[in-house]
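Structural features, examined
Each chain, letter by letter, is given below.
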Amino acid sequence: MTALRERRVHHATKKASVANPLPNITKSEMSLLALLSELSAPILADPKWTVHIQALKAALYDKEYEKAFGGDDDTFRRVYAARWVPSRAIVYRKVFVEMGLRDLLKAGGDVVCLGGGAGSEVLALGSLLSTPSVTTAPVRITTYDSADWSSVLNTQVAALSAAAPTLNLTLTPLTHDILSLPLPSFPAAPTLITLLFTASELFLQSRPATVALLAHLSQTCPSNTHLLVVESAALALVPVGKDGRTYPMETLLDHALGKTWEIVDEQDKKWYRMPEGAADCYPLKLENTRVLLRLYKKA
């Protein structure tokens, strides 16, 4: 649910330290930002861009998510995609490479993006799979989000396919609250499930419902399903109960998933910084992010 992930996330970014040299931007990252620049050009050229972005920020600050992302008019959704998706798409792509998702998806399969409405996950996966010699096997992505992002997502996938004709990627965008079980049209045997910049807000909205969602995944997913959770490190302490006592996100995740999932990889506070040259490839500011991540595998 993209609406859930907005609270405080954009406040969790910092500038890269000059003491840490940045890697040069790769051709794949340049291509991804060029594609995003082209997609964002119409909304950035809107004379009311400044008005739109300020109104969207105000709605997010006030947690008026229906105002921010609901309704038939997709202006705010396109504004959000132009402003915040590029940074996350670059970060997610780096995470996917490091977690070995190229190899995981080389034979194709089903990918489920829980809260993947704005398209950062889809763009990162599409860019990853567009790399020559990675795969031509079909990859089917199903996204679940409480807001209707289908227009934005379909435009993104069309652009990815046009840029890489060999990309064998299909998308099913579903508008559904992921805390409302069961999840419609859920693949019988997903290869990968992503929960990116969403878990903290799910726990804040309803810990019992979030535990129920994770239990549902444990019950329905077959062996060898992979679950990738990425969260802002700034939101990694979650208040639980009326007394406001906080618990580490990883503790809540590990407890909820139990022994049916094994941890393949984990990072608690890792910086992902924009590569050198990225600022020259996109017209808006790109942010660095420090994250907590867990890659699980169903036993």
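To start, this report covers the structure provided alongside it. (Residues numbered from 1 in each chain as written. Predicted model: local features only at pLDDT ≥ 70, side-chain atom pairs only at ≥ 80, totals over all residues. Heavy atoms only, no water.)

**With respect to the packing of helix α5 (residues 75-98) against helix α7 (residues 120-129)**
To keep things clear, this is the line we draw: Note on method: axes are straight lines fitted to C-alpha atoms, helices fitted across the in-contact stretch only, with angles between N-to-C directions ranging 0 to 180 degrees. Here a helix means four or more residues in a row that DSSP labels H or I, a strand means two or more in a row labelled E, and each is numbered from the N terminus. Each angle receives one of four descriptions, namely roughly parallel if under 35 degrees, roughly antiparallel if over 145, roughly perpendicular if within 65 to 115, and oblique otherwise. The crossing is said to be left-handed when, going from far helix to near helix, the turn is anticlockwise and less than a right angle, and right-handed when the turn is clockwise. Two residues form a contact once any of their heavy atoms are found within 4.5 Å.
Where α5 meets α7, the closest approach of the two axes is 8 Å, and the angle between their N-to-C directions is 50 degrees. One element, α5, and the other, α7, form an angle in the oblique class. α5 and α7 meet at a crossing whose hand is right-handed. From α5, V85, R88, A89, Y92, R93, F96 and V97 reach across to α7, where they touch S120, E121, L123, A124, L125, S127 and L128.

**Points about the pattern of salt bridges**
Put simply, the rule is: The term salt bridge refers to a side-chain nitrogen of Lys or Arg lying within 4 Å of a carboxyl oxygen of Asp or Glu. Whether a residue is buried, partly exposed or exposed follows from its accessible area with a 1.4 Å probe, protein chains only, as a fraction of its type maximum: under 20%, in between, or over 50%, in that order.
Tallied over the full model, the rule gives eight salt bridges. The partner of R294 in a salt bridge is E266, and the shortest N-O contact between them spans 3.3 Å. Here E266 lies in strand β9 (residues 261-272) and R294 lies in strand β10 (residues 288-298), a separation of 28 residues in the sequence. Under the relative-accessibility criterion, R294 is labelled buried at 3%. Taking relative accessible area as the criterion, E266 reaches 40% and is therefore assigned partly exposed. The salt bridge partner of R294 is D268, with a shortest N-O separation of 3.0 Å. Of this pair, R294 sits in strand β10 while D268 sits in strand β9, and the two are 26 residues apart along the sequence. For D268, a relative accessible area of 37% puts it in the partly exposed group. Via salt bridges that share partners, E266, D268 and R294 belong to a single interconnected network.

**Some details on the nonpolar core**
Worth spelling out the cut-off: In these notes, a set of buried Ala, Val, Leu, Ile, Met, Phe, Trp, Tyr and Cys residues joined through side-chain atoms within 4.5 Å is what counts as a nonpolar core.
Core analysis: the biggest nonpolar cluster contains 66 residues, and L33, L56, Y80, V95, F96, I141 and L228 have the highest contact counts within it. A per-element tally of this core places α5 first, with 13 residues. Core analysis: the second largest hydrophobic core is formed by 29 residues, I178, L179, F186 and M249 among them.

**Thoughts on the side chain of D145**
Threshold: What qualifies as a polar contact is a pair of N or O atoms within 3.5 Å, subject to a donor-acceptor requirement within protein and to the restriction that residues adjacent in sequence count only when both atoms come from side chains.
Tracing the chain through its elements places D145 in strand β3 (residues 139-145). On the accessibility criterion, D145 (1% relative accessible area) is buried. Of the polar contacts made by the side chain of D145, one reaches the backbone nitrogen of A147; its length is 2.9 Å.

**With respect to the packing of aromatic side chains**
Note the threshold: Pairing of aromatic rings covers Phe, Tyr and the six-membered ring of Trp, with a centre-to-centre limit of 6.5 Å; geometry is then stacked below 30 degrees between planes, edge-to-face above 60, and tilted otherwise. The rule for a charge over a ring is simple: NZ of Lys or CZ of Arg within 6 Å of the ring centre, and within 35 degrees of the ring normal.
Under the criterion given, the structure shown has seven aromatic pairs. Ring centres of F69 and Y80 lie 5.5 Å apart, and the angle between their planes is 90 degrees; on these two criteria the pair is classed as edge-to-face. Taken together, the residues span a long stretch of sequence, with F69 in helix α4 (residues 65-69) and Y80 in helix α5 at a distance of eleven residues. In this pair, the class of F69 matches that of Y80, namely buried. Aromatic side chains F69 and W149 sit 5.2 Å apart centroid to centroid with 45 degrees between the ring planes, which places their arrangement in the tilted category. Pair noted here: F69 is in helix α4 and W149 is in the loop between β3 and α8 (150-163), with a separation of 80 residues, a long-range link. An identical accessibility class is assigned to F69 and W149; each is buried. Here the aromatic residues F69, Y80, W84 and W149 are joined through ring pairs into a cluster of three or more. The cationic tip of R273 hangs over the ring face of W271; the distance from NZ or CZ to the ring centre is 4.6 Å. Directly above the aromatic system of W261 lies the positively charged group of K298, at a separation of 6.0 Å from the ring centroid.

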